[in-house]
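Analysis of the macromolecular model
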Amino acid sequence: MPKSKVKREKPRERFSYDPTKVLTRLEEYGKRILEDIKAGKNPYFDIPMRGLNNVYFDEKRRVIRMGDKLSRRYFLNVAHARKFMQTLLIMAYVKRLVSEGKHASLREAYYANKHTIPGTKENTFEDQRESDPIIEDLERMLGVLREEMHLTADRRGYIYGDIVIRDGEDEFNTSKLGMGGWAVPGTVEHLHFVEVNVDYALVVETAAMADRLIEEKFPKKEKALIIATQGQASRGVRRLIHRLHYEEGLPIIVFTDGDPYGWYIYSTIKQGSINLAYLSDKLATPEAKFVGMTMDDIERYGLKNVTEKLKGIPPNKKGGPTADYKRILEEMEYPWFQNREWQRQLKMAIKMGVRIEQQALANKSLEFVAKKYLPEKINNGELLP
């Protein structure tokens, strides 16, 4: 078996986590509001707008970006006053967290700031559905990640491979923590990559497939880091992928099911998402490549008998397109799928009317994916853009 032809590239970013950046921005906002109040002015926040009408695709950088439209939130405005107060509460809470070097979950942030305003029956927050959007507003206002504000979500995903990570006072090799690897935390900003002895990172949609590759010793034989997303990649996993690519020069190769959901997972890792367009510079990895599953794999590897029918009604049938067919047609319109290779794959999926899971490769043998499918396609450079 030939050795991997995929090699590390020259790093293009440096470790840049700096908690003082968040504190400085918060203090700037605080001072301006205080000055407005002292001057008898109506204090306000300018918040970059979210939504489809303020999102565009940056052809040069190949990522989804947020536009420059702003909404202004005033203190002395009946329609704005509640959110203005909530914004200040969360800003003060973030300042305390970062100053004390502590982290809080989104749920904790909600409860920590929920109280009844003295002399009234009015609560500052009635539901976490009020505090979460305020935190997103702060991300856009301050130009920092939620994680840099020490606000975290649940961890999801894990990695396995010969890299040494420093996490606080702990330092460990993720290939020596058992076959379950190392669970990716909600916040990865503070991690240091002490030693990286792999040639590339293979991002895998399902934990079952990642476990298969680890059991077959694929990471060691191919000098690869396995990153299991366990479905749609979490923010922590996407940020980790971005950092490994730009700070360590690791090529990123994505391996998902051959269906509209798997292709969307790849799309999000590569170009970012509409909801988090303002974070594409920190979460997206436009140079990522796609190894499979593809529609060509079905014929090439004799997998016709282990495909599954797409859900929904095809576009050429009455009532169509719906479900999977509709989703594929939407993906065909994405600017980043406007190339010959992807258009061909998506058209084939509609024509064939089938999807193919990663685990379908077990139909050949349990070892097939680790010993033939992935090494053959990756070392021959058979990757989609």
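Heads up: the structure comes first, above all this text.
In short, a report on the structure. (Residues numbered from 1 in each chain as written. Predicted model: local features only at pLDDT ≥ 70, side-chain atom pairs only at ≥ 80, totals over all residues. Heavy atoms only, no water.)

Focus on helix α8 (residues 260–271)
Taking 1.5 Å as the rise per residue, α8 with 12 residues should run 16 Å; its terminal C-alpha atoms sit 16 Å apart, in good agreement. Of all 12 residues in α8, 10 are buried, a share of seventy percent or more. Of all the residues in α8, the buried ones are Pro260, Gly262, Trp263, Ile265, Tyr266, Ser267, Thr268, Ile269, Lys270 and Gln271. Backbone geometry just downstream of α8 places Gly272 in the positive-phi region, at approximately 95°. (Helix = DSSP H or I, 4+ residues; strand = E, 2+ residues; numbered from the N terminus. Expected span 1.5 Å × (residues − 1). Buried < 20%, exposed > 50% of the residue type's maximum accessible area, 1.4 Å probe, protein only.)

So, the packing of helix α11 (residues 323–332) against helix α12 (residues 340–352)
A pair of packed helices is characterised by two quantities: the angle between their axes and the separation of those axes. Taken N-terminus to C-terminus, the directions of α11 and α12 make an angle of 165°; their axes are 10 Å apart at the nearest point. On the basis of the axis angle, α11 is roughly antiparallel to α12. In the crossing of α11 with α12, the sense of the turn from one axis to the other is left-handed. In this structure, α11 uses Tyr325, Ile328, Leu329, Glu331 and Met332 to contact α12, whose residues at the interface are Gln343, Leu346, Lys347, Ala349 and Ile350. (Axes fitted to C-alpha atoms, helices over the stretch in contact; angles between N-to-C directions. Parallel < 35°, antiparallel > 145°, perpendicular 65-115°, else oblique. Left-handed = near helix turned anticlockwise from the far one by under 90°. Contact = heavy atoms within 4.5 Å.)

Some words on the sheet that holds strand β10 (residues 182–183)
Strand order in the open sheet formed by six strands is β10-β7-β13-β12-β14-β15, with mixed pairing between adjacent strands. Of all the strands in the sheet, just β10 and β15 (289–292) have a single pairing partner and so form its edges. Across three bridges, strand β7 (residues 158–160) lies against strand β13 (residues 224–228) in antiparallel orientation. Counted as the bridge partner of Tyr158 is Ala228 from β13. On top of the sheet, helix α5 (residues 207–215) reaches β7, β12 (200–204), β13 and β14 (252–255); it is set at about 15° to β7, its chief contact. (Pairing = 2+ DSSP bridges.)

Geometric descriptors of this kind do not, in isolation, establish any biological role.
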